Amino acid sequence: MAKNYYLSAEQVSQLLNVSLSTSYKVIRKGNELLAKENYQVIPGRIPAPMLEKMYFGLNLTEREDIANACV
């Protein structure tokens, strides 16, 4: 299975262990931050690196040991 760059609300919900409505709020906030920096956004989706930066404070995709452990 290919790794998705953009995460859906369902994926965010599973990663953060929150409800679907909360995951949409997370996505909305992340997209607002990206839009302020003049990036194009996709409603209902968030780039995985943005979510990692917002909630984990680091770029997990650069760490192979952690990236392989997360599914």
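Residues numbered from 1 in each chain as written. Predicted model: local features only at pLDDT ≥ 70, side-chain atom pairs only at ≥ 80, totals over all residues. Heavy atoms only, no water.

A. Expanded view of unusual backbone geometry. Phi is positive for Asn17, which is not a glycine, with a value near 55°. As for its placement among the helices and strands, Asn17 is situated in the loop between helix H1 (9–16) and helix H2 (20–36). With a phi angle near 65°, Asn38 is a residue other than glycine that sits in the positive phi range. On the secondary structure map, Asn38 appears in the loop between H2 and strand S2 (45–47). (Helix = DSSP H or I, 4+ residues; strand = E, 2+ residues; numbered from the N terminus.)

B. Expanded view of the packing of H2 against helix H3 (residues 48–55). Orientation of H2 relative to H3, taken along the N-to-C sense of each, is 100°, at an axis distance of 10 Å. It follows that H2 is roughly perpendicular to H3 by the angle criterion. Every residue of H3 that contacts H2 at Val26, Lys29, Gly30, Leu33 and Leu34 is listed here: Met50, Leu51, Met54 and Tyr55. Partitioned by chemical class, the residues of the contact of H2 with H3 number seven nonpolar, one polar and one charged. (Axes fitted to C-alpha atoms, helices over the stretch in contact; angles between N-to-C directions. Parallel < 35°, antiparallel > 145°, perpendicular 65-115°, else oblique. Contact = heavy atoms within 4.5 Å. Nonpolar A, V, L, I, M, F, W, Y, C, P; charged D, E, K, R; others polar.)

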